[in-house]
Amino acid sequence: MSLVSVKNLTFIPQGACEPALDNISLSLPKGSRTLLIGANGAGKSTLLQILAGKKLIKGADVTIKCLDVFYQFPEGVTFLGTEWAMNPVVRSDIVVSRFLDSVGGYRYKERRDLLLDLLDVDLDWHMHNISDGERRRVQLCMGLMAPWDILLLDEVTVDLDVLVRHELLEFLKQDSEARGATVIYATHIFDGLNDFPTHVAHLRLGAFIQPPAPWDTTDKSRLSLCDIALQWLTEDRAHRRQLELKGRKMRGARRNTPGVPSDSETFYKKYTRPVPY
């Protein structure tokens, strides 16, 4: 039975000319751990935000536990993204112990304490006076202490040191296997991930090149996830550059006719002064 289902999803952000997601369909079983692989701007974050009910969509069927994610959002879904650490509220002068209690930590003491130890969090930290990595640990403790059925992770391990990241991934894998919980994880860091996913998907320019497909963790003869991601992203860039030759807006340096400055260059040269050293 599919726990997470998406059918014919196309999403065009307001003011955009091209879709951020183009005809996306997927079906994920309970207990699966899906890794989303794609270049920056491929649509990974957008897909996770839609699954989390954070973006209104039309003309597509997106359900979790057979409930519409926007109109009947199901219980037990946790979304953790990178924007949390930039919220001014979580950068205020509040002690971590009080912060966790304010979001219900006292209800989940056993899991909270397990996560505090695993993430190496000091309850006496002040949120405004800690590093981004330490603030990320507090976010993960806050988001994971309530048992979840579906966990949507968007690049939340980017600030963690390698030890904490390794132990967190082990915890998520064991928790998923023990409780039949489902994980969808978008990341660009592949070290130590070979044994984590049950499924791997490849997004390119908003479309699936490979929808979530089973990943055999016992097959030691295949390329590592890091090597596969490097190969896929190299192909993605080559594909995009071919589209640019056919008229798609180009990235990179704008090489105009040699010796002919751009309009902005001509303008700013009038006011530029040598930089003193």
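The rules behind the values
Residues numbered from 1 in each chain as written. Predicted model: local features only at pLDDT ≥ 70, side-chain atom pairs only at ≥ 80, totals over all residues. Heavy atoms only, no water. Pairing = 2+ DSSP bridges. Helix = DSSP H or I, 4+ residues; strand = E, 2+ residues; numbered from the N terminus. Salt bridge = Lys/Arg side-chain N within 4 Å of Asp/Glu carboxyl O. Buried < 20%, exposed > 50% of the residue type's maximum accessible area, 1.4 Å probe, protein only. Axes fitted to C-alpha atoms, helices over the stretch in contact; angles between N-to-C directions. Contact = heavy atoms within 4.5 Å. Expected span 1.5 Å × (residues − 1). Core = buried A, V, L, I, M, F, W, Y, C linked by side-chain atoms within 4.5 Å. 1 Å grid on protein atoms, 1.4 Å probe; cavity = no way out; pocket = protein on both sides within 12 Å on 5 of 7 lines; lining within 4 Å. Points joined across faces, edges and corners; volume = space filled by probe spheres on them. Nonpolar A, V, L, I, M, F, W, Y, C, P; charged D, E, K, R; others polar.

For the protein, an unreviewed UniProt entry supplies the name P-loop containing nucleoside triphosphate hydrolase protein and the organism Thelephora ganbajun.

*Asks:* Even after reading the chapter, I still don't get the pairing of strand S10 (residues 207-214), so can you show me in this structure?
*Replies:* Consecutive side chains of a regular strand alternate in pointing toward one face of the sheet and then the other. In the sheet, strand S9 (residues 199-204) pairs with S10 via five bridges, with the strands oriented antiparallel. For Arg 204, the partnering residue across the bridge sits in S10 and is Ala 207.

*Asks:* Where do I start with the pattern of salt bridges in this structure?
*Replies:* A pair can form between side chains of opposite charge whenever their charged atoms are brought close. Counting across every chain of the model gives 14 salt bridges. Close ionic contact of Glu 177 with Arg 33 constitutes a salt bridge, the shortest N to O distance being 3.7 Å. Taken together, the residues span a long stretch of sequence, with Glu 177 in helix H5 (residues 162-179) and Arg 33 in strand S3 (residues 33-37) at a distance of 144 residues. Arg 33 gets classed as buried once you look at its relative accessible area, which sits at 5%. Where Asp 132 meets Arg 135, a salt bridge forms, and the shortest distance between an N and an O atom there is 3.1 Å. A residue pair is termed a helical-turn pair when its members lie 3 or 4 positions apart in one helix, as Asp 132 and Arg 135 do in helix H4 (residues 132-144) at three residues. Several salt bridges share partner residues, and in doing so they unite Arg 91, Asp 132 and Arg 135 into one network.

*Asks:* When you look at the sheet that holds strand S6 (residues 77-80) in this model, what are you seeing that I'm missing?
*Replies:* Each strand in a sheet pairs with another by means of backbone hydrogen bonds, the pair being arranged parallel or else antiparallel. Reading across from one edge, S6-S7-S8-S3-S9-S10 is the order of the six strands in this open sheet, with mixed pairing throughout. In the strand order of this sheet, the two ends are held by S6 and S10, each with one partner. The average angle at which neighbouring strand axes cross in this sheet is 10 degrees, direction not considered. In this structure, S3 lies alongside S9, joined through four bridges in parallel fashion. Residue pairing in the sheet places Leu 36 in a bridge with Ala 201 of S9. Taken strand by strand, helix H1 (residues 44-51) contacts S3, S6, strand S7 (150-154), strand S8 (182-186), S9 and S10, and its axis lies near 150 degrees from that of S7. Set on the sheet, helix H6 (residues 225-245) makes contact with S3, S9 and S10; between it and S9 the angle comes to about 20 degrees.

*Asks:* Help me understand the environment of Lys 54, please; the structure alone is not making it clear to me.
*Replies:* Tracing the backbone shows Lys 54 in the loop between H1 and strand S4 (61-64). Remark: the alpha-carbon pair of Lys 54 and Thr 182, spanning 128 residues in sequence, is separated by 19 Å. Residue contacts for Lys 54: discarding those within four places in its chain leaves Gln 49 and Phe 79.

*Asks:* Is there a simple way to think about H4 in this case?
*Replies:* Think of an α-helix as turning once every 3.6 residues; residues three or four places apart then point the same way. For H4, which comprises 13 residues, the first-to-last C-alpha distance of 18 Å matches the rise-based estimate of 18 Å (1.5 Å per residue) to within 8%. Judged by how many residues are buried, H4 sits mostly within the fold: 10 of 13 residues are covered. Taken together, the buried positions of H4 are Gly 133, Arg 135, Arg 136, Arg 137, Val 138, Gln 139, Leu 140, Cys 141, Gly 143 and Leu 144. Check the buried side of H4 and you find it contacts S6, helix H2 (96-102), helix H3 (109-118), S7 and H5.

*Asks:* Honestly, the nonpolar core in this entry has me stumped. Any pointers?
*Replies:* A general tendency of soluble globular proteins is for nonpolar side chains to be buried together. Of all hydrophobic cores here, the largest spans 43 residues; its most connected members are Leu 119, Val 138, Leu 144 and Leu 172. Only S3, H2, H3, H4, S7, H5, S8 and H6 provide two or more residues apiece to this core. In this view, Val 138 contacts Trp 84, Val 96, Phe 99, Leu 100, Val 121, Trp 125, Met 127 and Ile 130; residues no more than four positions away in its chain are not counted. One finds Ile 24, Leu 36, Leu 203 and Phe 208 within the second-largest nonpolar core, a separate group that totals 30 residues.

*Asks:* Just to check I follow, could you spell out the layout of surface pockets for this structure?
*Replies:* To locate leftover empty space, one rolls a probe as large as a water molecule over the atoms. Here the largest pocket is characterised by a volume of approximately 310 Å³. Lining the largest pocket are 17 residues, and of these Glu 18, Pro 19, Gly 41, Leu 205 and Arg 248 sit closest to its centre. Of the residues contributing to the lining of the largest pocket, the split by class is seven nonpolar, three polar and seven charged. In this model, the second largest pocket occupies a volume close to 240 Å³. Residue lining of the second largest pocket: 14 residues in total, with Ala 39, Leu 233, Asp 236, Arg 237 and Arg 240 positioned closest to the centre.

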